[in-house]
Amino acid sequence: PCRVGSEKIVMLLEGILHGRGSAADLELIEELSATMALTSICGLGQAAPNPILSVMKYFKDDITRYITQ
């Protein structure tokens, strides 16, 4: 889950960065991050989504504003 999930999250974040993002992408990023943390066997896979979840928690308004502008 961590290898595939990480790749998918990067693709979604790049889409947001290049103006192709949507609110549904943010929900998918959160869902993928939670799934990775719960289903990865190794500690790296469990910890990989932590920075993304932290940004989503503390700067979600900024990310949402970036998507809508």
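Scroll up to find the structure this text is about.
Everything numeric here is computed off the predicted structure, so don't read it as measured data.

Draft legend 1. Region of interest: the environment of Arg3. Tracing the sequence through the fold places Arg3 in helix H1 (residues 2-17). Owing to a relative accessible area of 70%, Arg3 belongs among the exposed residues under this scheme. Counting along the chain gives 20 residues from Arg3 to Ala23, while the straight-line C-alpha distance between them is 24 Å.

Draft legend 2. Inspection of the packing of H1 against helix H2 (residues 23-39) at higher detail. Direction vectors running N to C along H1 and H2 enclose 160°, while the axes themselves pass 10 Å from each other. One way to sum up the angle between H1 and H2 is to call them roughly antiparallel. The way H1 lies across H2 gives a crossing that is left-handed. Seen from H1, the contacting residues are Cys2, Gly5, Ser6, Lys8, Ile9, Leu12, Leu13 and Ile16; seen from H2, they are Asp25, Leu26, Leu28, Ile29, Leu32, Ser33 and Met36. Each residue belonging to the contact of H1 with H2 can be placed in one class, and the counts come to ten nonpolar, three polar and two charged.

Draft legend 3. Spotlight on H1. Between the first and last C-alpha of H1 there are 22 Å, a value that for 16 residues agrees with the 22 Å anticipated at 1.5 Å per step. Along H1, the residues that are buried comprise Gly5, Ile9, Leu12, Gly15 and Ile16. Projection of H1 onto a plane perpendicular to its axis shows the buried side chains occupying an angular sector of 120°, all on one side. Opposite the packed face of H1, turned more than 90 degrees from it, sit the exposed residues Arg3, Glu7 and Leu17. Residues of H1 that are buried in the fold lie against H2 and helix H4 (50-68). In the stretch just after H1, Gly19 is the one whose phi turns positive, near 85°.

Calculation criteria
Residues numbered from 1 in each chain as written. Predicted model: local features only at pLDDT ≥ 70, side-chain atom pairs only at ≥ 80, totals over all residues. Heavy atoms only, no water. Helix = DSSP H or I, 4+ residues; strand = E, 2+ residues; numbered from the N terminus. Buried < 20%, exposed > 50% of the residue type's maximum accessible area, 1.4 Å probe, protein only. Axes fitted to C-alpha atoms, helices over the stretch in contact; angles between N-to-C directions. Parallel < 35°, antiparallel > 145°, perpendicular 65-115°, else oblique. Left-handed = near helix turned anticlockwise from the far one by under 90°. Contact = heavy atoms within 4.5 Å. Nonpolar A, V, L, I, M, F, W, Y, C, P; charged D, E, K, R; others polar. Expected span 1.5 Å × (residues − 1). Arc of directions from axis to C-beta.

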